[in-house]
Amino acid sequence: MTIRLIIVDDQELVRAGLRMVLSEYDQIDVVGEACDGLDAFDVVKRIPADVVLMDIRMPRMNGVEATQRICGADGPRVLILTTFDLDEYAYDALQAGASGFILKEAPTRALVDAIEHVHDGDAVVAPSTTRRLLAHFTRRADLPIPQNFALTEHLRELTARELDVLRAVASGFSNTEIAERLLISENTVKTHVRRILTKLNVRDRVQAVIVAYENGLVHVE
């Protein structure tokens with residue numbers, strides 16, 4: 001299946017470079033480009049796409065606001081492209097609905113893998129960074145719970161096993177590690193995660209983890 005991709009970056013050379021390297025992969029079709037968030041929102045409305053590769057720091061409208069608008073309009077999934085893994089704007093974009101982030105310095109193969117994961121509905125946030133990521137969210141009292149996030153009553157719809165899986169995901173464990181801890185197969189873990197996302201009405205596991213923290217299911221140590 002071909003992944004229709006839109007590249008958003010305020011530097012023309014960066015967009016050209018990304019288009020060139022990604023064109024080497026048959027599974028990716030760059031169908032559009034945008035020079036800032038405002039332009040990106042317009043392009044997404046005009047051109048059908050599966051994934052938006054979104055820069056953060058841009059003029060007129062940054063990547064955070066653009067991500068919020070695109071995800072709020074049930075648009076394509078957004079993968080944040082950032083220079084620093086501790087970029088506060090990248091974290092804000094995740095809470096705005098982005099499915100993950102990747103560094104601009106990442107190898108091309110890692111970028112392609114990230115695009116594929118986001119297209120498949122997975123979140124691109126390494127388990128090793130999950131605790132730091134959620135600590136950032138929960139320690140900022142000024143961040144409201146997004147309107148599309150599940151409230152506590154939705155957590156009650158989860159089975160005991162699904163709650164176990166959600167706690168493990170929120171603690172930063174990968175699917176393989178969760179399977180080992182709960183003595184179940186990795187495919188079973190994936191099935192539980194899909195059901196959790198459906199019941200909580202969230203786009204991906206990043207949002208599910210935020211729901212868990214915001215509702216006190218787990219706590220930052």
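Nothing here was measured: the structure is a model prediction, and the numbers come from that model.

(A) Molecular detail of the pairing of strand E2 (residues 28-34). Of the strand pairs in this sheet, strand E1 (residues 3-8) and E2 are connected by six bridges, and their pairing is parallel. Directly across from Ile 7, in E2, lies its bridge partner Glu 33. Viewed along the sheet, the connection from E1 through helix H1 (residues 12-22) into E2 turns out right-handed.

(B) Local environment of helix H8 (residues 160-170). What H8 keeps buried is the set Glu 162, Leu 163, Val 165, Leu 166, Ala 168, Val 169 and Ala 170. One or two residues past the end of H8 sits Gly 172, with phi positive at roughly 95°.

(C) Just the sheet that holds E2, in detail. The sheet built from five strands is open, its strands ordered E2-E1-E3-E4-E5 with parallel pairing. Sheet topology places E2 and strand E5 (101-103) at the edges, where each strand pairs with a single neighbour. Neighbouring strand axes in the sheet, compared pairwise and without regard to direction, differ in orientation by 25° on average. Alignment of strand E3 (residues 51-55) against strand E4 (residues 77-82), held across five bridges, turns out to be parallel.

(D) Local environment of the nonpolar core. Ranked by internal contacts, the top residues of the largest apolar core, which has 28 residues, are Ile 6, Val 8, Val 52, Met 54, Val 78 and Ile 80. The set of elements that each furnish at least two residues to this core consists of E1, helix H2 (37-46), E3, helix H3 (63-72), E4, helix H4 (88-96) and helix H11 (205-214). Here this core gets five residues from one element, more than from any other, and that element is H4. Ignoring anything within four residues of it in the chain, the contact list for Ile 80 reads Met 54, Ile 56, Thr 67, Ala 90, Ala 93, Ala 98, Gly 100, Phe 101 and Ile 102.

(E) The arrangement of the environment of Arg 195 in detail. With respect to the secondary-structure elements, Arg 195 resides in helix H10 (residues 186-200). Once the C-alpha coordinates of Arg 195 and Thr 159 are considered, the two residues, 36 residues apart in sequence, prove to be 9.9 Å apart.

(F) Geometry of the packing of aromatic side chains. On inspection of all chains with the given rule, the structure shows zero aromatic pairs. For Arg 69, the ring lying beneath its charged end belongs to Phe 41, and the centroid distance is 5.8 Å.

(G) Layout of the confidence of the model for the protein. In the predicted model, the protein carries a mean pLDDT of 82, and 82% of its residues have values of at least 70. Here residues 140-151 is a poorly scored stretch, pLDDT under 50, and it has 20 contacts once near neighbours within four places are set aside; other chains count.

(H) Focus on the side chain of Thr 67. Secondary-structure assignment places Thr 67 in helix H3. Residue Thr 67 is classed as buried on the basis of its relative accessible area, which comes to 0%. Not counting residues up to four positions away in its chain, the partners in contact with Thr 67 are Met 54, Gly 72, Val 78, Ile 80, Ala 93, Ala 96, Gly 97 and Ala 98.

Thresholds applied
- Residues numbered from 1 in each chain as written.
- Predicted model: local features only at pLDDT ≥ 70, side-chain atom pairs only at ≥ 80, totals over all residues.
- Heavy atoms only, no water.
- Pairing = 2+ DSSP bridges.
- Helix = DSSP H or I, 4+ residues; strand = E, 2+ residues; numbered from the N terminus.
- Right-handed = clockwise from strand over helix to strand, strands pointing away.
- Buried < 20%, exposed > 50% of the residue type's maximum accessible area, 1.4 Å probe, protein only.
- Axes fitted to C-alpha atoms, helices over the stretch in contact; angles between N-to-C directions.
- Core = buried A, V, L, I, M, F, W, Y, C linked by side-chain atoms within 4.5 Å.
- Contact = heavy atoms within 4.5 Å.
- Phe/Tyr/Trp six-rings, centres within 6.5 Å; stacked < 30°, edge-to-face > 60°.
- Lys NZ or Arg CZ within 6 Å of the ring centre and 35° of its normal.
- pLDDT = per-residue confidence, 0-100.

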